[in-house]
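One letter stands for each residue in the lines below.
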Amino acid sequence: MKESYLISVGKFRLLILATMLSMATYARSIPVSGTVTDEKGSALPGVSILLKGSSKGATTDANGHYTIEVTDQNAVLIFSFLGYTTREESVGNRTSIMVSLQVDEKALQEVVVVGYGTQKKSGLTGAVTSISTKQMTRQFAPTIGSSLQGLAPGVEILQPGGIAGANAHILIRGAASFGSTAPLYVIDGAFSNSGLNSLTPNDIESIEVLKDGSAAAIYGSRAANGVVLITTKRGKKGDPVIDFSATYGQQTPSRKLDYLNAAEYRQFANQVADNSGIAHAPQNDNPTQPNTDTDWQQTWLQPAPMYSVNLGVSGGGEYTSYNTSVGFMDQKGLTAYSGFKRYDFRVNTSYKKNRLTVDESFSVSRQSTVPTANVSMGIPTVPVYNAAGQLTSSPTSYYLQNATVNNPLGSLHYSTRKRNSTLLIGSLSVGYRLAEGLQYKLTGGGSYNNSHSFTHNPVFFTLFTDTGQGISTYGNNMNSLSETRGDEFNYNIDNLLTYKKTLGKHGFDVLIGTSWVRDYMRANSISTISDLGDPNITGTGGTVTGGISAVEQQAALFSQFAKLNYDYDDRYLFSASIRNDISSKFAKANRSGWFPSVSAGWNLHNENWFRLPVVSQLKVRASYGELGANFIDPYQFNSSLLGPVPSPFGITPINFVSAYAVQLYPQDLRWETSVSKNIGADIGLFQNRLTVSIDYFDRTNKDLLASISPPLSSGQALTQSAEDAKLVPVNTASVQNKGIEIAATYSKRSGDFKWNLSGNFTALKNKVLELGTNVPPIVGPVMSGDIGDNITITQPRSPIGSFYGFEMAGLTDKGSIAIRGVDREGNPVIKPIEEGGPADKKIIGSPIPDFTYGLNFSSEYKQFDLTLFIQGVQGGDIFNWHKLNTYFNYNSGLVKDVLNSWTPQNTNTDIPKAAIGLASRRPSSFYIEDGSYLRLKNIQLGYTANTSGKLRTVFKHLRVFGGVQNLFTLTKYTGYDPEVGGTSVGGRTVNMTTTTRNADLSAFPNSRTFTAGITASF
């Protein structure tokens, strides 16, 4: 028994020993090596090899060789490389594994959306840029336009910073018209008159920008400023998927100016009074509230929250699919009494069975805005509120020259201001395959915009007598309102016939079609002049004096077009199109316009003789195209007359009935024409790990509509003021934009770490070639009343909207601005700005940047991701209009720079003497500053949860993130922000892309926004 026991114990020990030896054998690292090649047998360097189920990995060297250690014969290796299909290999008992990766045909056949269809990216011959929607969704912006900034070469985004819900102005390859510079927006086949305002980033599948004449010519007269094509997300076959996202942001001013405090202001105001020979303001010598030191900037600019929530459901069956979403955005304004809200709903459905395809898209967006008012800083010696907590103004004893100054917050606090709009856009297309490769498609689309603006100013007072009676000069004495309503509607009906056929190595893609577009607009406004009566009345129940205006316009456009794409063996590419537009905006003799385009490309890398291993793609391309523009209001070929006007002649009066012109229009107005030339190259290196696109473009817009004064014989000039004079449009001007664009992307993966670096660069020159005979220069808004001091001018041989004024040559010995001018004989002289005349004015700056750029870095390591986005501008002058108030409006808040103003003891300065009445308010290079900047526009860190195991039962995807937008800006500009845009001058809306580009008119800082959010799929 004992012996049997000993034998059993021995066997057990032997079993344990054998097991340990076996485990040791398998625990020993097994080196696996090999070579990775492409389908032609060429070595592939940089291929990622990952041990499945672990973080262990390796990368092939320059010869395609790799070595990796595994501990299990059941191990699986994953081989992946950009542009090639991913392959898995089981190790088994092999120590050498040779792998050949195949080209990812899906990647090669990547298609982009082009005019009225799609096209293989490898076959493109025009200038088309696809914008990454992933980069867009990594930013938190109230509008789509602002999130596009810096993402595409040749595309500039101009927007006034710090305004809640501000619309972005998109400029493609420079401004080339004195009218509209907006591109054509096509959303799922429907033309949008409201730009991108009806969209949210979560709804967008792809964005393509058609930049040259060849790419955009298929849209003819509507595409002179380029085309932005947006495709929204559609459902996919499978179970329903619920997508949810929520983002919260806290906005703070990205910059604040350094204003005088109360003590500094009192001292400086007394200096101004002494320099001007006037009495001190009593409160500056003997203040009754010496401890008052109001920070008006802090009152105006406060931290403001913003948040958005989006929910979507998508799915599909055998024949149908759907995608629907709802969203809400709420943005409080950085400036007091402003804000923006948006409600969104979208539904897309598709049906496809046999030969029939039906696609539907519909969206509605409701937007409500409390408009941002111009910031006006009070002086620091006066309080914002009185002891009772009411907004208060201070009496004249606080101000120089006994000025009456109201609390700048008063009208905003007591008034009701709102601007609402409802945007609807939708399309329905029905396609039927008539035969193999032959398809007919009928598309109907339309957009509708209903807008309503309302302002009610009740009676209020901000200063009272001792008996509690409101003082009439402080506040508003009349209960008044103004209201505007407008409707815009357009629809399009497109008939398209396409034929695609491949015959051996020959590929054909033919499109013919027609398009019918109808536009309608009506707007009316009413404003009261007399008092409505009771302060609470917000409507007119009786007879009230006021003003009313209305406008109604209709226009139609019929188009016929054809396009051919041809390729031979994916080597030689050719494309041509022709479009005929007939517009009701012109007289019958000039309604028709023809717009051709032609382009060609050569894929050199597909040639048999091409043997450059480092070059994986090389395509050269060239294009020529003509586009039309009819960016004018309807009926401008019909002159308007007013009469009858009796005119007595002779000794015995004989009355002749005549009339005078209200508006003259020439009968021969015709299409503006844009002639576009483009040469480009697309290069892929290191198996397309590095891709580069380079384009040189030259676009000349001819027959632009400029304006001349009406002849005196018309009587028009005699019946209208200079401000309201309606000039006569003529087709005489031309503008040229030429430049270079570069876009590059580099991607790499090493084990669990993968990263991508992309950048773009655009350099552009803008020049007015001619305005036409007898056409005067086009001037911008007036800065002051002295000799018609316009701040911009558009004239031949200069950029559109060049800054215009006096060239500063230092200061005179009396402290005023000295300028470089001419004497009566035309000789150059230095003289005081007070003596400056029209002959002394010249171009003092250009708002057009030397170049713009964007740089985006994105990386992923296991479940973490990081995004950095830098955007910037080099060159481009800014007219710092804000200096007018912060330097020379002595009864408002002043910046501390004024303490360095000229005095007899301080002559080493460029800031003029502080005195009332000096002509420092006239436009000069004193106001011109460099607009260059570099901005870290976005930084975001995210974490994607592992949705395996129990988490998988709830989430299909879960990501949380946090970040900062506009973290810092490097600039020499002294205003709030170098990203400026015009809004209004004297209540008049101005064009921020032409006549007042880079004129800092309203002075708002951009927002630095700290964000946090979550995205999830169920």
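Residues numbered from 1 in each chain as written. Predicted model: local features only at pLDDT ≥ 70, side-chain atom pairs only at ≥ 80, totals over all residues. Heavy atoms only, no water.

- Taking an unreviewed UniProt entry as the reference, the protein is identified by name as SusC/RagA family TonB-linked outer membrane protein belonging to Larkinella bovis.
- In UniProt, the protein has this text filed under Subcellular location (unreviewed entry): "Cell outer membrane".
- Per its UniProt entry, the protein bears the Sequence similarities (unreviewed entry) comment "Belongs to the TonB-dependent receptor family." (UniProt positions renumbered as here; feature names shortened; annotations may be inferred.)

### Looking at the overall build of the protein
Thinking step 1. In terms of helices and strands, the protein carries 11 helices and 55 strands.
Thinking step 2. The buried share of the protein, reckoned over its 1018 residues, is 49%. (Helix = DSSP H or I, 4+ residues; strand = E, 2+ residues; numbered from the N terminus. Buried < 20%, exposed > 50% of the residue type's maximum accessible area, 1.4 Å probe, protein only.)

### Here we look at the packing of aromatic side chains
Thinking step 1. Under the criterion given, the structure shown has 30 aromatic pairs.
Thinking step 2. On the basis of an interplanar angle of 15° and a centroid distance of 4.7 Å, the ring pair of Y116 and F561 is categorised as stacked. Of this pair, Y116 sits in the loop between β8 (111-114) and β9 (117-120) while F561 sits in strand β28 (residues 546-568), and the two are 445 residues apart along the sequence. Like Y116, the residue F561 is buried in the burial classification.
Thinking step 3. Taking 5.5 Å as the distance between ring centres and 10° as the angle between the ring planes, the aromatic pair formed by F879 and Y927 counts as stacked. Highlighted residues: F879 in strand β49 (residues 877-879) and Y927 in the loop between α11 (883-888) and β50 (928-930), separated in sequence by 48 residues. Taken individually, F879 and Y927 each receive the classification buried, so the pair is uniform in this respect.
Thinking step 4. An aromatic cluster of at least three residues, connected via ring pairs, comprises F803, F879, Y887, F888, F926 and Y927.
Thinking step 5. The lysine or arginine in question, K883, covers the ring of F926, its NZ or CZ lying 4.5 Å from the ring centre. (Phe/Tyr/Trp six-rings, centres within 6.5 Å; stacked < 30°, edge-to-face > 60°. Lys NZ or Arg CZ within 6 Å of the ring centre and 35° of its normal.)

### Here's the deal with the pattern of salt bridges
Thinking step 1. Summed over the entire model, instances satisfying the criterion amount to 33 salt bridges.
Thinking step 2. Taking the shortest distance from any N to any O, the salt bridge between E741 and R173 comes out at 2.8 Å. Highlighted residues: E741 in strand β36 (residues 728-750) and R173 in the loop between β12 (169-172) and β13 (184-187), separated in sequence by 568 residues.
Thinking step 3. Classification of E741 as buried rests on a relative accessible area of 2%.
Thinking step 4. The network of salt bridges with common partners includes K619, R621, D682 and D695. (Salt bridge = Lys/Arg side-chain N within 4 Å of Asp/Glu carboxyl O.)

### Looking at the pairing of strand β48 (residues 864-874)
Thinking step 1. Where strand β47 (residues 851-861) meets β48, 11 bridges bridge the pair, whose relative direction is antiparallel. Across the sheet, the residue bridging to N856 is F869, located in β48.
Thinking step 2. What sits between the antiparallel neighbours β47 and β48 is a turn of 2 residues, in which K862 has the positive phi angle 55°.
Thinking step 3. Bridge count between β48 and strand β51 (residues 933-944): 10 bridges; the pairing is antiparallel. Paired with I870 across the strands is L936, a residue of β51. (Pairing = 2+ DSSP bridges.)

### Quick word on the confidence of the model for the protein
When pLDDT is low, close inspection of the predicted coordinates is not appropriate.
Thinking step 1. Averaged over every residue, the pLDDT of the protein is 85; the share at 70 or more is 86%.
Thinking step 2. When pLDDT is averaged over each helix and strand of the protein, the minimum, 39, is found for strand β54 (residues 988-989) and the maximum, 96, for β50.
Thinking step 3. This stretch, residues 983-991, has a pLDDT under 50; its non-local contacts, to residues over four places away or in other chains, come to 23 contacts. (pLDDT = per-residue confidence, 0-100. Contact = heavy atoms within 4.5 Å.)

### Here's the deal with the sheet that holds strand β46 (residues 842-845)
Thinking step 1. Ordered by their spatial adjacency, 4 strands build an open sheet running β38-β41-β42-β46, and the pairing between neighbours is antiparallel. Of all strands in the sheet, those bounded by a partner on one side alone are β38 (778-779) and β46.
Thinking step 2. In this structure, strand β41 (residues 792-794) lies alongside strand β42 (residues 802-805), joined through 2 bridges in antiparallel fashion. Residue pairing across strands places T792 opposite F803, the latter belonging to β42.

### Details of the environment of S480
Thinking step 1. Looking at where S480 falls in the secondary structure, it is placed in strand β26 (residues 480-503).
Thinking step 2. With relative accessibility at 12%, the residue S480 sits in the buried group.
Thinking step 3. The spacing of S480 and V459 is 21 residues in sequence and 8.3 Å in space, taken between C-alpha atoms.

### Brief notes about the pairing of strand β37 (residues 753-770)
Thinking step 1. Pairing analysis gives 17 bridges linking β36 to β37, with the strands arranged antiparallel. By the bridge assignment, V735 is partnered in β37 with V768.
Thinking step 2. Here β36 folds back onto β37, and the loop between the two strands holds 2 residues, one of which, G751, carries a positive phi near 65°.

### A few points about the side chain of T673
Thinking step 1. Mapped onto the fold, T673 is located in strand β34 (residues 672-685).
Thinking step 2. Once residues within four sequence positions are removed from consideration, T673 is found in contact with E626, L627, T700, N701 and K702.

### Digging into helix α6 (residues 262-276)
Thinking step 1. Across its 15 residues, α6 extends 21 Å between first and last C-alpha, which sits within 8% of the 21 Å expected from 1.5 Å per residue.
Thinking step 2. Turning to α6, its buried residues are A262, Y265, R266, F268, A269, N270, V272 and A273.
Thinking step 3. Taken together, the buried residues of α6 touch α7 (282-285).
Thinking step 4. Put simply, N261 is the residue that caps the front of α6, since its side-chain oxygen is 3.3 Å from the backbone nitrogen of A263. (Expected span 1.5 Å × (residues − 1). Polar contact = N/O pair within 3.5 Å; in protein donor to acceptor, adjacent residues only side chain to side chain.)

### Structural notes on the sheet that holds strand β45 (residues 828-832)
Thinking step 1. Strand order in the open sheet formed by 3 strands is β43-β44-β45, with antiparallel pairing between adjacent strands. Strand pairing shows two members of the sheet lacking a second neighbour, β43 (808-811) and β45, which therefore form its edges. Strand-to-strand twist of the sheet, defined as the mean angle between neighbouring strand axes without regard to direction, takes the value 35°.
Thinking step 2. For β43 and strand β44 (residues 817-822), the ladder comprises 2 bridges, and the chain directions are antiparallel. The residue bridging M808 from the neighbouring strand is I819, located in β44. (Axes fitted to C-alpha atoms, helices over the stretch in contact; angles between N-to-C directions.)

### A word on the nonpolar core
Thinking step 1. Ranked by size, the top nonpolar core spans 57 residues in total, and within it F268, W300 and Y890 carry the most contacts.
Thinking step 2. Counting only elements with at least two residues in this core, the list comes to α6, α8 (296-300), β43, β44 and α11.
Thinking step 3. Looking at which element gives the most residues to this core, the answer is α6, with 5 residues.
Thinking step 4. Membership of the second largest hydrophobic core comes to 25 residues, among which are Y116, A217, Y219 and V517. (Core = buried A, V, L, I, M, F, W, Y, C linked by side-chain atoms within 4.5 Å.)

### Quick word on a nonpolar patch on the surface
Thinking step 1. Nonpolar side chains collect at one region of the surface, where Y499, L503, F508, V510, I512, L564, F574, V598 and Y624 lie side by side and expose about 690 Å² of accessible area between them.
Thinking step 2. When contributions to the nonpolar patch are tallied by element, the ones reaching two or more residues are β26 and β27 (506-528).
Thinking step 3. Take the nonpolar patch: its biggest share by element is 3 residues, from β27.
Thinking step 4. Along the chain, Y624 turns up in strand β31 (residues 615-629). (Patch = residues over 30% accessible without salt bridge, like charges linked within 9 Å, V, L, I, M, F, W, Y side chains within 5 Å. Areas by Shrake-Rupley, 256 points an atom, 1.4 Å probe, with all protein chains shown as cover.)

### Structural notes on the side chain of T443
Thinking step 1. Structurally, the position occupied by T443 is in strand β23 (residues 438-457).
Thinking step 2. The class of T443 is buried, set by a relative accessible area of 7%.
Thinking step 3. Excluding its chain neighbours within four sequence positions, the residues that come into contact with T443 are G189, L428, S429, N492, I493 and D494.

### Focus: the environment of I131
Thinking step 1. Structurally, I131 is set in strand β10 (residues 128-131).
Thinking step 2. Separated by 77 residues in the primary sequence, I131 and E208 place their C-alpha atoms 6.3 Å from one another.
Thinking step 3. Look past the residues within four positions of I131 in its chain and what remains in contact with it is M136, L148, L151, A152, I207 and V209.

### A closer look at unusual backbone geometry
Thinking step 1. In this structure, N354 is a non-glycine residue whose phi angle is positive, near 55°.
Thinking step 2. Following the sequence through the fold, N354 ends up in the loop between β20 (339-353) and β21 (356-370).
Thinking step 3. The exposed category is assigned to N354, whose relative accessible area is 67%.
Thinking step 4. Of note in the backbone geometry, D569 takes a positive phi value of approximately 60° without being a glycine.
Thinking step 5. You can see D569 is positioned in the loop between β28 and β29 (572-583).

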